[in-house]
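# A structural walkthrough
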Amino acid sequence: MIASLRRVESWLVFGRDWMRTKDEMKYLLDGETLDGPHAARITVRPERTAVPVPTADALERAIKFECQLWGGANTPFVPVSESGTISRPYLSILPGSAIEQVKGMDVHGLYNIVETGVQVSTRDHGAEMDGFGRQLAVALLPYGRQQDYRGLEVVQLADDDPWKGIYAACLGLLPDKPDRHVLRHGQMKEDLRFEDFVNLNRTEATGSLEDLLERMVDDTSMSPRQLSMIHLEYAQNGSYGMQAESGVLPEPHFAQKSAGPNIVVICSPGNVDDLALLWNLRSAHGDYRPLPIGIPLAEMRPDLIQGLTGHKRFSQYGIAAEHVYVTSASISSTELPELLGEQEDQLFHVVDYSDLLKLGGPAGWSRQDVIVWADGKATFVPLPADSKREVLEDVHFARHTSMQVDLKVVSSPFPNGKDIRIDGPNCHFYSGSVSMSVGSRRSEPIEVVWPTRMLIARAVASSRNLEISESEPGRAARVALATLADMWEISNLAHAPLLHLLEEMAARSGFGWLKKQAREWNREVAPAEVVGPTTDQLPEKAFSDFQHALGNSVKAAKYWLLWAERAGLIVKGFQLQCSLCSAKQWIPVAAFSPPIVCRGCTEVMDAPFGESPHINFTYRISERLRRVYEQDAMGHLLTLRFFNAIFSRFTGSDLVGMHPGMNIHHKGDTRTQGEADVLLLFRDAAFIPIEVKRSFSGIVPKEISKLEHLARVLDSPWSAVVACEYGIQAAPQEFVELENRGKGATPFRVILSYDRLLDPTPVWSLGGDPFAWDPLTAEQIHARETAFVNRLAQRFEAGPFDWLEDRMLDRPGTAS
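All chains use their own residue numbering, which begins from 1 and follows the written sequence. Two thresholds apply to this predicted model, a pLDDT of at least 70 for residue-level local features and 80 or more for giving and counting side-chain atom pairs, whereas whole-chain, interface and lining totals are computed over all residues. In computing side-chain properties, one takes all heavy atoms of the structure into account and sets aside hydrogens as well as water.

## Re the overall build of the protein
A count of helical and extended segments in the protein gives 27 helices and 34 strands. Counting every position in the protein, which comprises 816 residues, the buried fraction comes to 53%. Whether two residues touch is decided by their heavy atoms; if any such pair falls within 4.5 Å, the residues are in contact. Relative to all contacts within the protein whose residues are 6 or more apart in sequence, the contacts with residues 24 or more apart total 76%. Only the protein chains shown count as covering a residue, and every accessible area follows the Shrake-Rupley method with a 1.4 Å probe. Accessible surface, the protein: about 37,200 Å² in total, of which carbon and sulfur atoms supply 49%. A run of H or I in DSSP becomes a helix once it reaches four residues, and a run of E becomes a strand once it reaches two; helices and strands are each numbered from the N terminus. The cut-offs for exposure are 20% and 50% of the maximum accessible area for each residue type, with area from a 1.4 Å probe on protein chains only; residues under the lower value are buried, those over the upper are exposed, and the others partly exposed.

The structure is reproduced here in structure tokens:
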């Protein structure tokens, strides 16, 4: 037996399920700084400034200027009025987009964009300051080696051709010669020509969809857009998931993910919003596919759009991808279907352009690396000295080219929210990265500081004029989590009879009677009424009590108790009685150190165990677990474990982090707007509040109103209500009716109970619904509880599992 216990102890200390990492607690919103090695994605790139365009003519001039510059085809164009007012859909996405600034806007304008206008320049694009820090793209090809590269084709259309702006947005344009300011800042001869580096062919054409498609997939020549992106990695793919909205949770970015590059923009004559949208979509999705593409309004026909799906380079993404997404900035999504008409076996889908609009990621040089952190700080080299030598040294690369480095920490993601832009020390956080200017120091070490998850959450809240702080239940639950190796260990509590026993151990005498009265009064008992104020006032339980709660399995009880002791949730001890005054006192094993002084008479117990030949151990809950019950936070822990499992995947998690209890209020206002029993922060910067109650009786209309108010304050796309009971046992119809899901549901709300919360392996399977209300039967609950006990017993017998040893000793081809 001693050997068996040692095996179990070894497993508890050193063993882990080999499919899990040792730092799953990383998804807790806490103050832990980054330490040790962490994988990172580093991107070195040209600086990216968005350009306001008030008219189609201004946009054409901007295209000519940007296409001659390195990274120019990745420059976003922002439609503005003549007075500098930004188009509303762009206003909502600019702060969180991967850009450094907007031309004509104050350098800090993106931090308060609603109140900041754009000063529209009356000068031609390409004036003195526009050329500063920019690299001439064609100069990154060797001088005079035109025969080694594809020719450059610039397609020009007549002014009255309806395809003119579309060709310019899809293929790009070039001026007659390089801009003199760019040449001057790059210290190049002012009489330099494009033809000195590449064979240039200026072609007159008549626009058509067939001609444009052929030119966009022509591998024999470069377009001006492609020239500007030479040596740069860019473009985003579509989603490889299901191409249908599941309705499980809101999917605000579904159209973007589903469409990928397969977008058609219907362009009204001379409309700058349509042409800027088309340019920006090609900037986001790349220049080596036929789509995104534009079609003039006058030539829009359903058969043209349907025919695009049969193109040899049509991008197939995801499961059952069939649709081309059709949109327009000048024609509403309600008018477009009427103009297109209903089609049999329609293969396109009309959406509002704001659902597809994005500025895409920055073009640059990316690599994966491992960075070693100490107390949240690290030093790294943006671009190793021997990297990209053919670009930086073998051709004319301007020394003063403005460069940025973006860093993402894989294990501690920064949220990529469309409204999130946060200032840091000599850096800025946006688009899921920290970005710093490197200029000519691209191969020199630089220091970076990464915020804790709690600081990230507070910063996101602050950017929305909110403040968040840890609640008392949140503090109690967080302290209890501190001794667990990872969040998966909460699974050892996912057993209703065991939870009932622990609840009894947290209560003073009379708890059972009080609960019975509470059921009769139809109210939930406040923890302060029943939980003992100190562990000395709590009852002890014998081994047999745990054995009974765990299906009368001795092995399961031994395994669980040893785990709970190691996790700091249970304290093992024994009862002593003074031979002089008969006073009793309970002594924890860890505190046993003779001589023992009686608390009654203060005399030393010379023979504390008397004539007994053995010790009868009993168990109490620890102070940290007592506080969890005092603050009614056990459900918070179970809820954390469930959502951690649901949103985790092999490549990481959709979550930035979670916390088991947060207060929310407006900046400068001491009044609390609400308390989230569990608060989730997702990678898209969405806060999700969750209300957790010990029983269905605690979920009353007043509490639901508070949750709805908090969700509005946080601008949450959905919320959740959790009851810590099985549905078949006590769920009223009012609770079931709280569920509110489906497209357009307001407010969108999911409901959970022990039926989901105590699932041993919660998972969001393909096509599944982890939040569906489907209460277990009594037989299913019994089977689950039996399986829980069997797993504990099997772990007791098996001891630590070494997957490497298991695989190496398992000879292939032999029967197991």
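## Topic: the pairing of strand β1 (residues 36–46)
Here β1 runs beside strand β12 (residues 365–373); their pairing, made up of 9 bridges, is antiparallel. Within the sheet, the bridge partner assigned to G36 lies in β12 and is W373. By definition, two strands form a pair when at least two bridges between them are found by DSSP. Pairing geometry for β1 and strand β14 (residues 403–409), over 7 bridges, is antiparallel. Paired with V44 across the strands is V405, a residue of β14.

## Some words on the pattern of salt bridges
Every case where a carboxyl oxygen of Asp or Glu lies within 4 Å of a side-chain nitrogen of Lys or Arg is listed as a salt bridge. Enumeration over the complete set of coordinates arrives at 32 salt bridges. A salt bridge links E153 to R215, with the shortest nitrogen-to-oxygen separation between them at 3.1 Å. Remark: R215 occurs in helix α6 (residues 209–216) and E153 occurs in strand β5 (residues 151–157); sequence separation between them is 62 residues. This pair shows no difference in class: E153 is buried, exactly as R215 is. Through salt bridges that share partners, E60, K64, D159 and K164 make up one connected network.

## Quick notes on the sheet that holds strand β21 (residues 570–577)
Spatially, 4 strands are ordered β20-β25-β21-β22 in an open sheet, and the strand pairing comes out antiparallel. Of all the strands in the sheet, the pair left with one neighbour each is β20 (541–542) and β22 (584–588). Here 5 bridges tie β21 to strand β25 (residues 617–621), and the two strands are oriented antiparallel to one another. The residue bridging K572 from the neighbouring strand is Y619, located in β25. Sitting on the sheet, helix α19 (residues 554–566) is in contact with β21 and β25, with an inclination near 100° to β21. Helix axes use the C-alpha atoms of the stretch in contact, all axes being lines fitted to C-alpha atoms, and the angles between their N-to-C directions lie in the range 0 to 180 degrees.

## Let's talk about empty space enclosed by the protein
In this analysis, the protein atoms alone were mapped onto a 1 Å grid. Cavities are point sets where a 1.4 Å probe fits without being able to get out; pockets are open sets with protein on both sides within 12 Å along at least five of seven lines; lining residues have an atom within 4 Å of a point. Grid points are joined across faces, edges and corners, and a volume is the space filled by probe spheres set on the points. Scanning the model with the defined rule gives 5 cavities of 30 Å³ or more in all. Of the pockets and cavities examined, the largest cavity occupies roughly 120 Å³. Considering the residues around the largest cavity, the lining is formed by 15 residues, among which P46, E47, W70, G71 and R134 are closest to the centre. Amino acids outside the nonpolar list (Ala, Val, Leu, Ile, Met, Phe, Trp, Tyr, Cys, Pro) and the charged list (Asp, Glu, Lys, Arg) are all regarded as polar, and Gly is one of them. For the lining of the largest cavity, the per-class residue count stands at 4 nonpolar, 7 polar and 4 charged. What lines the second largest cavity is E153, V155, L171, R215, D218, S221, M222, S223, P224 and Q226. Sorting the residues of the lining of the second largest cavity by element identifies β5, β7 (221–222) and α7 (224–228) as the ones contributing at least two each. Of the residues assigned to the lining of the second largest cavity, the class counts are 4 nonpolar, 3 polar and 3 charged.

## Notes on helix α9 (residues 272–285)
A helix is expected to span 1.5 Å for every residue after the first. Look at α9: 20 Å from first C-alpha to last across 14 residues, which is about the 20 Å you get at 1.5 Å a residue. Any pair of nitrogen or oxygen atoms within 3.5 Å is treated as a polar contact; in protein, a donor-acceptor pairing is required on top of that, and neighbouring residues in sequence qualify only through side-chain atoms on both sides. The opening residue of α9 is N271, an N-cap whose side-chain oxygen sits 3.0 Å from the backbone nitrogen of D273. Trailing α9 by a residue or two, G286 shows a phi angle of about 105°, which is positive.

## Describing the packing of aromatic side chains
A pair of Phe, Tyr and Trp rings is counted when the ring centres sit within 6.5 Å of each other, with Trp represented by its six-membered ring. The angle between the planes then sorts it: under 30 degrees is stacked, over 60 is edge-to-face, the rest tilted. One pass over the full model with this rule turns up 25 aromatic pairs. Geometrically, the ring pair formed by F77 and W279 is stacked, given 4.7 Å between the ring centres and 20° between the ring planes. Of this pair, F77 sits in strand β3 (residues 77–79) while W279 sits in helix α9; the two residues are 202 residues apart in sequence, bridging distant segments of the chain. An identical accessibility class is assigned to F77 and W279; each is buried. In textbook terms, an aromatic cluster arises when at least three aromatic residues are bridged by ring pairs, as seen for F642, F643, F647, F682, W718, W764 and F771.

## Comments concerning the side chain of S228
Note that S228 resides in helix α7. In this structure S228 comes out as buried when scored by relative accessible area, which is 0%.

## So, the packing of helix α4 (residues 164–171) against α9
The N-to-C vectors of α4 and α9 enclose an angle of 20°; their axes lie 8 Å apart at closest approach. Here α9 runs roughly parallel to α4, going by the angle between their axes. Note on packing geometry: the crossing formed by α4 with α9 is right-handed. Each of G165, I166, A168, A169 and C170 in α4 lies in contact with α9, whose residues at this interface are L275, L278, W279 and R282. Angles are sorted into four bins: roughly parallel if under 35 degrees, roughly antiparallel if over 145, roughly perpendicular if 65 to 115, and oblique for all others. In a left-handed crossing the near helix is turned counterclockwise from the far helix by less than a right angle, and in a right-handed crossing that turn is clockwise.

## Side note on helix α2 (residues 56–66)
Every buried residue of α2 is listed here: A58, L59, A62, I63, F65 and E66. Seen from one end, α2 has its buried residues packed into an arc of 165°, which puts them on one side. Packed against the buried residues of α2 are β2 (49–53), β3, α4, α5 (180–185), α7 and α9. The directions considered for the arc are those from the helix axis to the C-beta atoms.

## Things to note about unusual backbone geometry
Here the residue pair L291 and P292 is connected by a cis peptide bond, since its omega of 5° sits within 30 degrees of zero. Here P292 is to be found in the loop between α9 and β9 (293–296). Going from T746 to P747, the amide bond is cis rather than trans, its omega being -10°. If you trace the backbone, P747 turns up in the loop between α24 (733–736) and β34 (749–752). Phi at N552 takes a positive value of approximately 60°, unusual for a residue other than glycine. Considering the arrangement of structural elements, one finds N552 in the loop between α18 (543–549) and α19. By relative accessible area, N552 is classed as exposed at 53%. Of note, the phi angle at D715 is positive, near 55°, even though the residue is not glycine. Note that D715 resides in the loop between α22 (701–714) and β33 (719–723).

## Quick notes on the sheet that holds strand β29 (residues 662–666)
Paired through backbone hydrogen bonds, the strands of a sheet run either parallel or antiparallel to each other. Taken in spatial order, the 3 strands make up an open sheet running β19-β29-β30, and their pairing is antiparallel. Strand pairing shows two members of the sheet lacking a second neighbour, β19 (466–470) and β30 (674–676), which therefore form its edges. On average, each strand axis in the sheet is tilted by 30° relative to the strand beside it, whichever way the strands run. In this sheet, β30 lies alongside β29 in antiparallel orientation, the contact comprising 3 bridges. Looking at β30, one finds that M662 is bridged to A676. In this fold α22 packs onto β19, β29 and β30, with an angle of close to 60° to the strand it touches most, β29.

## What to know about the nonpolar core
One recurring pattern in soluble globular proteins: nonpolar side chains tend to sit buried together. By size, the foremost hydrophobic cluster in this structure holds 147 residues, and its most contacted members are L94, I293, L407 and W450. A total of 7 residues in this core trace back to one element, the largest contributor, which is α9. In this structure, L407 is in contact with A40, R41, I42, I371, W373, F380, S433, V434 and W450, ignoring residues within four places of it in sequence. The set of buried Ala, Val, Leu, Ile, Met, Phe, Trp, Tyr and Cys residues whose side-chain atoms join them within 4.5 Å is what this entry labels a nonpolar core. Listed in part, the 74 residues of the second largest apolar core include L501, L502, Y559 and W718.

## Structural notes on the packing of helix α14 (residues 472–481) against helix α20 (residues 623–630)
Each pair of packed helices gets described by two things: the angle between the helix axes and the distance between those axes. Following both chains from N to C, one finds α14 and α20 inclined at 150°, their axes separated by 8 Å at the closest point. In terms of their interaxial angle, α14 and α20 are classed as roughly antiparallel. Where α14 crosses over α20, the two elements pack in a sense that is left-handed. When α14 is examined against α20, the residues A476, A477, V479 and A480 are found in contact with a partner set consisting of R624, R627 and V628. Grouping the constituent residues of the contact of α14 with α20 by class yields 5 nonpolar, no polar and 2 charged.

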